[in-house]
Every structure is written in C-alpha cells, then in structure tokens.
Amino acid sequence: MIFQPKKDARKASVTTVLLFAAGGTMYFTGEFVSGFRMFFQFSALALIALGIYLMSRYLLTDHRYVISDIERRGDEVAFSVVRVTGNRENVMASFDFADIYAFEQIGLKEFETKHGRVNKVYNYCQNYRPEAPYRMGISFNGMKIVLVIEADEALAQEIRARLTEDTDV
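Rules of the game
Residues numbered from 1 in each chain as written. Predicted model: local features only at pLDDT ≥ 70, side-chain atom pairs only at ≥ 80, totals over all residues. Heavy atoms only, no water. Helix = DSSP H or I, 4+ residues; strand = E, 2+ residues; numbered from the N terminus. Buried < 20%, exposed > 50% of the residue type's maximum accessible area, 1.4 Å probe, protein only. Phe/Tyr/Trp six-rings, centres within 6.5 Å; stacked < 30°, edge-to-face > 60°. pLDDT = per-residue confidence, 0-100. Axes fitted to C-alpha atoms, helices over the stretch in contact; angles between N-to-C directions. Parallel < 35°, antiparallel > 145°, perpendicular 65-115°, else oblique. Left-handed = near helix turned anticlockwise from the far one by under 90°. Nonpolar A, V, L, I, M, F, W, Y, C, P; charged D, E, K, R; others polar. Expected span 1.5 Å × (residues − 1). Contact = heavy atoms within 4.5 Å. Salt bridge = Lys/Arg side-chain N within 4 Å of Asp/Glu carboxyl O. Pairing = 2+ DSSP bridges.

Asker: Lay out the overall build of the protein in plain terms, naming residues and giving numbers.
Answerer: Summing up its helical and strand segments, the protein has 4 helices and 8 strands in all. Its helices and strands taken in sequence order, the protein reads β-α-α-β-β-β-β-α-β-β-β-α from the N to the C terminus. Viewed in the frame of its principal axes, the protein has a C-alpha envelope of about 70 × 35 × 25 Å. Counting only residues that meet the buried cut, the protein has 36% of its 169 residues in that class.

Asker: Mind laying out the packing of aromatic side chains, listing which residues take part and the relevant values?
Answerer: All chains considered together, the criterion is met by 10 aromatic pairs. Their ring planes at 80 degrees and their centres at 5.5 Å tell us that tyrosine 27 and phenylalanine 28 sit as a pair that is edge-to-face. Residue phenylalanine 28 is classed as exposed on the basis of its relative accessible area, which comes to 54%. Through a chain of ring-to-ring contacts, the aromatic side chains of Phe3, Tyr65, Phe79, Phe95 and Phe97 assemble into a single cluster.

Asker: Describe in detail the confidence of the model for the protein, supporting the description with residues and values.
Answerer: Per-residue pLDDT for the protein averages 89, and the proportion of residues at 70 or more is 93%. Looking at the elements of the protein, mean pLDDT is at its lowest for helix H4 (residues 153–168), recorded as 80, and at its highest for helix H2 (residues 37–59), recorded as 95.

Asker: Please give an account of the packing of helix H1 (residues 10–32) against H2 that cites residues and values.
Answerer: H2 packs onto H1 with a crossing angle of 165 degrees between their chain directions and a minimal axis gap of 8 Å. In this view, H1 runs roughly antiparallel relative to H2, as classed from their interaxial angle. Note that H1 runs across H2; the crossing there is left-handed. The residue inventory of the contact of H1 with H2, partitioned by class, reads 16 nonpolar, 9 polar and 2 charged.

Asker: I'd love a proper account of H1, names of residues and values included.
Answerer: An α-helical turn contains 3.6 residues, so a residue and the one three or four places further along point in the same direction. For H1, with 23 residues, the first-to-last C-alpha span of 33 Å sits near the 33 Å given by 1.5 Å per residue. Taken as a whole, H1 has its buried residues at Ala12, Thr16, Leu19, Gly23 and Gly30. Turning to H1, the residues buried within the fold contact H2.

Asker: For the pattern of salt bridges, give the residues involved together with the corresponding values.
Answerer: Proximity of charged atoms lets side chains of opposite charge pair with each other. The final tally for this structure, using the stated rule, is 8 salt bridges. With a closest N to O distance of 3.1 Å, arginine 37 and glutamate 31 form a salt bridge. Overall, the relative accessible area of 40% leaves arginine 37 in the partly exposed class. The partly exposed category is assigned to glutamate 31, whose relative accessible area is 33%. Put simply, arginine 64 and glutamate 89 hold a salt bridge, and the shortest N to O gap is 2.7 Å. Linking arginine 64 in strand E2 (residues 62–69) with glutamate 89 in strand E4 (residues 88–96), this pair joins segments that are 25 residues apart in sequence.

Asker: Run through the sheet that holds strand E6 (residues 120–123), naming residues and quoting values.
Answerer: Taken together, 4 strands build an open sheet; the order of strands is E5-E7-E8-E6 and the sheet is mixed. Both outer strands of the open sheet, strand E5 (100–104) and E6, are each paired with one neighbouring strand and no more. Across this sheet, the average inter-strand angle for adjacent strands is 20 degrees, counted without regard to direction. Looking at chain direction, strand E7 (residues 134–140) and strand E8 (residues 143–149) are connected through 7 bridges and run antiparallel. Each bridged residue has a counterpart across the sheet, and for serine 139 the counterpart in E8 is lysine 144. The strands touched by helix H3 (residues 108–115) are E5, E6, E7 and E8; relative to E5, the strand with the most contacts, the crossing angle is about 140 degrees.

Asker: Requested: an account of the environment of glycine 30, with residues and values cited.
Answerer: With respect to the secondary-structure elements, glycine 30 resides in helix H1. With a relative accessible area of 0%, glycine 30 lands in the buried category. For the pair glycine 30 and phenylalanine 42, spaced 12 residues apart in sequence, the C-alpha separation works out to 9.6 Å. In this structure glycine 30 touches Arg37 and Phe40, once residues within four positions along its chain are discounted.

Structure (structure tokens):
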C-alpha cells in the first residue's frame, strides 16, 4: 500500500513569500541606515535562507508512506517513508511494524506524558503545519523515536489493523 498525502501549498507559499519580502526589505533598509548596516544585512540573509529552506522542504519535495510485506523475513510487515524530490526517491525511514509502540493523533507533550520521554522526533509531513498529524512511536536500538506523519483515515485504519495483528501473534 502506497499513500501520498494531498499537497496543500498555501501556508508554505505565503510564508515563503513573506520571508523573501521581509528579507528584501531588511536588506534595502540596511542600505539607508549607516550605523547598523551589517545587522540589517545579516537579518536579511537569515530570512532569505529560512525562505529557501521552507521552499525546498515543503514546496519542492513530497513524502510517500509505504506499507509492504517483507518476504525474506517471513510474515513481518515494513513501514517506509520515501522522500520524492523531482525524479529522485530516497527512503528516509524503514522499520518493522513490530518496532511501533504507539500510533496516535495527539500533541508531542501529550505523547511524552503518556509514553515517556522521546529521544528524537522526525517530521515527515507533506504540508507545512498540518491540522492533525499522527505521531508514530518507534523503539529502535534502545531509543524512543517519534515520526510525525500525515495520514488519512484509510492509512490510519490500515496501520492500526497491522498493529493489532502484530500484538495478537
């Protein structure tokens, strides 16, 4: 099963344009202010760099979530996150369903309160600041890792079904 969330680029586009405009404004303001020219130019550089990051992360890349059976290991099922940039696809994360200890649609603080402290958080959302992302807790090499993903109800049901199958065995 391959799932790719629907892309909504409005928030990222508006934020990127505002960052570029603010960076340009800061740069040209620095041209007219004699005492703090370097401060304005450095601020402009930081705003433009942040705009480029948001553009490359949320407007020019896509994420796919893949659930697949692993034939060489028996009946185990794998979950993968694939980043697509142009024609290039990179597998960002791949693990067995047996490693997942939680899959919930709650905030990170609530997740940590419920399941304990988390060592790392990876955001694999398609859109900038999605409404209600899912948090998937993974136990890997003694560390607790949380993947933040955007899933529709069909993918969420499939993941929950696979998790209940894994715990029944």
